[in-house]
2 protein chains.
Amino acid sequence: MQIILLSGGSGTRLWPLSNDARSKQFLKIIPAPDGSMESMIQRVVRQLNHAGLDAPVTIATGANQQDSVISQLGEAVNLVVEPSRRDTFPAICLACEFLARQKDVSRDEVVVVMPCDPFTEQDYFDAIRLMAKGVEDGAAQLVVMGINPTYPSAKYGYVLPATPAQADTPDKSNPVVPVREFIEKPDVPRAEALIREGALWNGGVFAFRLGFLLDLAEKYVKADSYEQVLANFSAFPKISFDYEVAEKASSVGMVRYNGFWKDLGTWNTLTDELAQHTFGNVVADETGSNTHVFNELGIPLLCLGTQNLIVAASPDGILVSEKGKSENIKLFAQQLKQRPMFEERRWGTYSVIDFVEFPNGTASLTKRLTLNPGCAISYQRHTHRDEIWNFIDGEGIFVLDGVSRPVTRGDSVVIPAGHKHTLKAVTPLTFIEVQNGSLLIEEDIERFPFSW
Amino acid sequence: MQIILLSGGSGTRLWPLSNDARSKQFLKIIPAPDGSMESMIQRVVRQLNHAGLDAPVTIATGANQQDSVISQLGEAVNLVVEPSRRDTFPAICLACEFLARQKDVSRDEVVVVMPCDPFTEQDYFDAIRLMAKGVEDGAAQLVVMGINPTYPSAKYGYVLPATPAQADTPDKSNPVVPVREFIEKPDVPRAEALIREGALWNGGVFAFRLGFLLDLAEKYVKADSYEQVLANFSAFPKISFDYEVAEKASSVGMVRYNGFWKDLGTWNTLTDELAQHTFGNVVADETGSNTHVFNELGIPLLCLGTQNLIVAASPDGILVSEKGKSENIKLFAQQLKQRPMFEERRWGTYSVIDFVEFPNGTASLTKRLTLNPGCAISYQRHTHRDEIWNFIDGEGIFVLDGVSRPVTRGDSVVIPAGHKHTLKAVTPLTFIEVQNGSLLIEEDIERFPFSW
C-alpha cells in the first residue's frame with residue numbers, strides 16, 4: 001500500500017499567518033502528544049505512522065511548498081513536485097507515475113490518495129484501511145470515503161450511496177457500499193435534501209490499484225520515463241480527480257466514516273481546536289473572553305477586555321477580527337497581497353524585517369536569515385540589486401565569484417549586482433541581509449551549479 | 001509676559017504609541033487647521049501664537065524629551081532641560097531662573113506656567129490673558145485657572161473659591177476671585193460635594209510675577225549663575241508646585257474658564273477628538289463600528305467586524321483594547337516595559353526593526369536610522385558592541401577615529417567596539433545599523449567633542 005498526500009492551497013484564509021509560501025498545513029500551532037506544537041501536515045504524517053498502515057508516504061505539491069515539506073518532514077516522505085499547479089487529477093497522475101517509474105511500485109499495489117490536512121482521530125485511518133481492503137478484495141475499482149455530514153454545508157462535495165446506509169457504522173465484514181452519484185458543492189437546500197437521501201460528505205480520500213490510474217494517465221501522456229512525464233505535465237487537463245475520475249468510473253464504492261473530522265480551513269474552525277488561547281509574546285487581561293491571539297512578531301501584544309476576537313500578527317500583517325467575521329478575509333486577500341514576509345526554506349528560514357521606498361525610485365529591503373548547520377543556499381546572482389550581509393551569529397563559509405572565506409559574527413560582506421555568491425552554514429548561521437536596488441523581488445535570481 | 005510650558009510624563013497610558021522617549025504630547029495625530037497632523041505640544045504652541053499673547057515660550061522638560069522638543073518645535077521656543085526629573089516645583093524654579101539669568105527677564109514681568117497638552121479652543125488663551133492681567137493689576141500674587149467641572153472626577157485637583165461664582169462666565173472687568181482652598185484628587189463623593197460648594201478643576205495654569213517665584217526658589221538654591229542653579233538642582237525638594245506654592249501662598253486668585261477643555265491623556269478621551277478612524281496602513285471592513293486604528297508598522301493591518309476597539313501597532317508593541325478597558329494599560333506598563341523601539345531625536349528618527357538573543361549570551365539589534373540634512377550624531381564610542389552601518393539612501397560624511405570619508409547608498413562600514421565615530425547627513429541619509437555584542441543598550445555610549 002502506498003499513501004499519496006496532496007498538499008496544495010494558497011492559504012489566504014489564515015492570513016497573516018499563512019501566505020503563498022506558507023499554506024495553513026505548515027503552521028505549527030496544533031498541540032502534539034509530546035507537548036510540542038506541530039503543523040497539520042506533520043500531524044497527519046505522524047498519525048499515518050501510528051496507524052500501523054506500514055505504507056510509504058509520497059507528498060505531491062508545488063514548487064512554492066517544496067521547501068516547507070522538506071523542512072518539516074525531511075526524509076520521512078517521498079516528494080513529488082508538480083512543474084506547475086494544474087489541479088488534483090494531474091497531481092495524482094504525476095505521483096502515480098513517480099511511484100511506478102521511480103519506485104518500481106507494482107500496478108497491483110493499492111494507492112490511497114488523501115488531503116494533507118484533515119483534522120481527525122485515529123479511527124479515520126481504520127476507515128482508510130477498510131478502503132484499501134475493499135480495493136484488494138475487488139469490491140470496487142475505486143473506493144472513496146464518505147464522511148457523516150454534521151450540517152448541510154455548501155462548501156463540500158457529497159457522495160450518494162446506491163442504497164442508504166442501514167446504520168451509522170460500516171459493516172466491517174463488508175464495508176464497501178456502491179456509489180450512485182457525486183454532487184459537487186450544492187446550495188444549502190439541496191444539501192439538506194441530499195442528506196435526507198443518505199448522502200455523505202466526500203472526504204477527498206480515494207483508494208485504487210496503481211494500474212487503474214496509470215491507464216487513465218496514459219490517455220493524456222505517453223512516456224518512456226518519469227522525466228518525459230514531467231516534461232509533458234502540461235498535457236494533463238486542468239481538472240479535479242472528482243470530475244475526471246470519480247464521476248466517470250464504472251465501479252465506485254464508498255466506505256463510511258463516522259468519527260471525528262474537521263476542516264481547519266478558517267480561523268473560526270481552527271481556533272475551536274486549539275488547547276491554548278495565546279501563542280507568542282501575548283499579554284491578555286482577565287476581563288476578555290473567547291479571544292485567540294497569535295503573535296509571531298518580536299514585540300509584545302496586549303489585549304484588554306477583548307471578546308470573541310481573533311488577533312494574529314506576523315511579518316505579513318496584523319489581523320483583528322470578530323470571530324464570526326473571520327471568513328471575510330478572502331474579500332481582502334488581493335488588497336493585502338504583498339511579497340511573503342516569512343518563509344521556511346529547505347536551508348532554514350527568513351523574515352523580512354524592513355522595507356523602504358525612496359523618492360528617487362530605489363528601495364531597500366532588510367531580511368534576517370538563519371541557515372541550518374550543513375545547509376547552503378544556491379550559488380546565485382542578482383541583476384537589479386546589491387546585497388550586504390551582516391553576520392550576527394554562528395559560523396559559515398561565504399563564496400563570492402568562486403573565492404571562499406570563513407565568516408562569523410561581526411563580519412560584513414558586500415555583494416554587488418552581477419556577482420555570483422553562495423553561503424554554507426557550519427553552525428546555525430544568522431545574518432542580516434540589506435538589499436539595495438531598483439527591483440527587489442525574489443524572482444531576480446539566476447542559479448548556478450556549485451559543488452562544496 | 002512669558003509662557004512656561006511644562007512637558008513631562010512618561011506616557012505609558014497611550015502605549016504602544018507613547019513610550020519613555022515619546023510622551024503623548026509628541027504624537028502627531030491631531031488634525032491641524034491646514035489639513036496636516038500635529039502633536040498636542042505643536043498644537044498648543046500654535047494656539048499660543050495665534051492668541052496674540054506675544055509672549056516668548058519656554059519649554060521645561062527632561063533630557064529624554066529634549067530631542068523631541070527640538071525636532072517638533074525647533075527655534076520657536078526656549079528649551080530648559082532639567083538635570084533630573086524632580087516634579088513641577090523644581091522644574092518651574094529652573095525655568096524662572098533661566099528667564100532671569102539667561103534671558104534678562106525683569107522680576108516684574110508676568111510669567112504664565114501651563115501644561116503642554118491641554119486640548120482646548122482659543123478662548124482658553126483669553127482666560128490666560130485675564131490671569132496675567134489679574135497679576136499685573138495686583139488682584140493677587142498668584143492667579144490660577146479654575147475649569148468648569150463636567151463631572152466629579154477623582155483624577156483632578158480642585159480649587160474652591162472664597163465665594164461661589166455668581167455666573168458661569170467671569171466678570172471681565174473683575175475676573176479674579178479669591179481662592180479659599182486647594183483640594184488634591186478627592187474621591188468621587190467628596191468631588192461631588194466640592195462641586196456643589198462651587199469648586200472647579202485646577203487646570204494647572206499659574207500666573208505670577210517672576211520675582212515672586214525667584215524669592216521662593218532662593219530658599220533652596222542660592223546661586224551666582226544659571227550654571228550654579230543647574231549644578232545644585234537636586235537641592236530643590238521633589239514636590240509639586242501646588243503643594244509647595246499654591247497651597248501656601250497668602251494671596252491667591254482664580255480666573256474661571258468655562259470653555260472647551262479636555263485631558264487627552266487616555267486612549268478613550270483621545271479617540272473622542274480624532275477626525276479620522278484609521279491612521280497608517282489600515283483596512284477596515286464595513287461591518288465594524290466605533291473602532292480607532294493606529295498602525296505605525298510597515299505591514300498592513302486588517303480589521304473585520306470590530307466593535308468599540310482601540311487597535312494600535314508601533315515598533316514598541318501592539319494593543320487591542322475594548323474602549324472602556326483602555327485605561328487598564330497602566331496595570332501592564334511594567335510588564336510591557338522594554339527599550340523604546342522608536343525615537344525622535346534632534347538629528348532625525350530611528351526604529352528598532354529586529355532584536356535576537358543567541359544561546360551563547362550575545363545578542364544582535366538592528367535599527368533603521370534617518371538623519372536630516374545637515375544634522376550629525378555625536379562623536380561617540382561604545383564599549384560592549386560592534387556596529388555595522390549599511391547605507392541605503394542619501395549622502396553623508398562618516399568619521400572613524402578622526403578619519404572622514406563620504407558614504408552613500410550601497411556602502412557598508414564596520415565600527416568595532418572602542419572606536420570613536422560620527423556621521424553627518426548631506427542629503428537625507430538613511431542606514432541600517434546592525435549591533436552585535438553582549439550588552440545592547442542606549443546607555444553604552446561615551447560622547448566626545450567634535451568640530452565638523
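Residues numbered from 1 in each chain as written. Chains lettered and ligands numbered in written order. Predicted model: local features only at pLDDT ≥ 70, side-chain atom pairs only at ≥ 80, totals over all residues. Heavy atoms only, no water.

## Some points on the sheet that holds strand β16 (residues 292-295) of chain A
Neighbouring strands of a sheet are bound in pairs by backbone hydrogen bonds; such pairs are parallel or else antiparallel. Spatial strand order, β14(A)-β16(A)-β18(A)-β19(A)-β17(B)-β15(B): six strands in an open sheet with mixed pairing. Looking along the sheet, the strands with just one partner apiece sit at the ends: β14 (278-280) of chain A together with β15 (282-284) of chain B. Recorded for the sheet is a direction-independent mean angle of 5 degrees between the axes of neighbouring strands. Contacts between helix α10 (residues 329-336) of chain A and the sheet are confined to β19 (317-322) of chain A together with β15 and β17 (301-304) of chain B, with β17 of chain B contributing the most and set at about 160 degrees to the helix. (Pairing = 2+ DSSP bridges. Helix = DSSP H or I, 4+ residues; strand = E, 2+ residues; numbered from the N terminus. Axes fitted to C-alpha atoms, helices over the stretch in contact; angles between N-to-C directions. Contact = heavy atoms within 4.5 Å.)

## A word on the pattern of salt bridges
Overall, the coordinates contain 45 salt bridges over all chains when judged by the stated rule. Close ionic contact of K262 of chain A with E273 of chain A constitutes a salt bridge, the shortest N to O distance being 2.8 Å. Pair noted here: K262 of chain A is in strand β13 (residues 261-263) and E273 of chain A is in the loop between α9 (267-272) and β14, with a separation of eleven residues, a long-range link. The salt bridge involving R46 of chain B is made with E38 of chain B; its shortest N-O contact spans 2.6 Å. Taken individually, R46 of chain B and E38 of chain B each receive the classification buried, so the pair is uniform in this respect. (Salt bridge = Lys/Arg side-chain N within 4 Å of Asp/Glu carboxyl O. Buried < 20%, exposed > 50% of the residue type's maximum accessible area, 1.4 Å probe, protein only.)

## Quick word on the relation of the copies chain B and chain A
In screw terms, the move from chain B to chain A is a rotation of 179 degrees and a rise of 0.0 Å along the axis, fitting with an RMSD of 0.1 Å. The superposition of one copy onto the other is thereby described by a two-fold rotation axis. Across chain B, the smallest distance between a C-alpha and the rotation axis is recorded for I353 of chain B, namely 3.0 Å. An overlap of 100% is found between the interface residues of chain B and their copies at the interface of chain A, pointing to a shared contact surface. (Least-squares fit on C-alpha atoms with pLDDT ≥ 70 in both.)

## A few points about the interface of chain B and chain A
The interface is formed by 58 residues belonging to chain B together with 58 residues belonging to chain A. When chain B packs against chain A, close to 4500 Å² is buried across both sides, 68% of that on carbon and sulfur atoms. The tally of links from chain B across to chain A stands at two salt bridges. Of the charged contacts, one joins R368 of chain B and D354 of chain A as a salt bridge, the two residues approaching to 2.5 Å between their closest N and O atoms. Linking chain B with chain A are 14 residue pairs in polar contact (both at pLDDT 80 or more), by the criterion used here. Considering each element in turn, the side of chain B that touches chain A owes the most residues, six residues, to strand β19 (residues 317-322) of chain B. (Buried area = accessible area lost by both parts, 1.4 Å probe. Polar contact = N/O pair within 3.5 Å; in protein donor to acceptor, adjacent residues only side chain to side chain.)

## A short note on the packing of aromatic side chains
Under the definition given, this model contains 46 aromatic pairs over all chains. One aromatic cluster is present, formed by F89, Y220, F233 and F236 of chain A through successive ring pairs. Of note, K420 of chain A hangs over the ring of F448 of chain A, and the distance from its end group to the ring centre comes to 4.3 Å. One cation-aromatic arrangement involves K367 of chain B over Y350 of chain B; the distance from NZ or CZ to the ring centre is 3.9 Å. (Phe/Tyr/Trp six-rings, centres within 6.5 Å; stacked < 30°, edge-to-face > 60°. Lys NZ or Arg CZ within 6 Å of the ring centre and 35° of its normal.)

## Re the pairing of strand β8 (residues 142-147) of chain B
The buried fraction of β8 of chain B amounts to six of the six residues, a majority that puts the element mostly inside the structure. Of the two faces of β8 of chain B, both are covered, the one formed by L142, V144 and G146 of chain B as well as the one formed by V143, M145 and I147 of chain B.

## Let's talk about the environment of Q380 of chain B
Residue and element names in this part refer to chain B. Looking at where Q380 falls in the secondary structure, it is placed in strand β23 (residues 379-381). With 40 residues separating them in the primary sequence, Q380 and K420 have C-alpha atoms 5.2 Å apart. If we skip the residues at most four places from it in the chain, Q380 touches H419, K420, H421, I445, E446, R447 and F448. Of the polar contacts made by the side chain of Q380, one reaches the side chain of H382; its length is 3.4 Å.

## Overview of the packing of helix α3 (residues 88-102) of chain A against helix α6 (residues 210-218) of chain A
Each packed pair of helices is defined by two parameters, the angle between the axes and the distance between the axes. Residues and elements named next belong to chain A. Running from N to C, α3 and α6 point in directions that differ by 120 degrees, and their axes come no closer than 9 Å. Classified by the angle between their axes, α3 and α6 sit oblique to one another. By crossing handedness, the relation of α3 to α6 is classed as left-handed. Within the contact between the two elements, α3 uses F89, I92, C93, C96, E97, L99 and A100 and α6 uses L210, L213, L214, L216 and A217. (Parallel < 35°, antiparallel > 145°, perpendicular 65-115°, else oblique. Left-handed = near helix turned anticlockwise from the far one by under 90°.)

## Comments concerning α10 of chain A
Along α10 of chain A, the residues that are buried comprise I329, F332, A333 and L336 of chain A. Considered in projection along α10 of chain A, the buried side chains sweep an arc of 140 degrees and stay on one side of the axis. Among the exposed residues of α10 of chain A, those pointing more than 90 degrees away from its buried face are L331, Q334 and Q335 of chain A. Contacts from the buried residues of α10 of chain A go to α9 and β19 of chain A together with β15 and β17 of chain B. (Arc of directions from axis to C-beta.)

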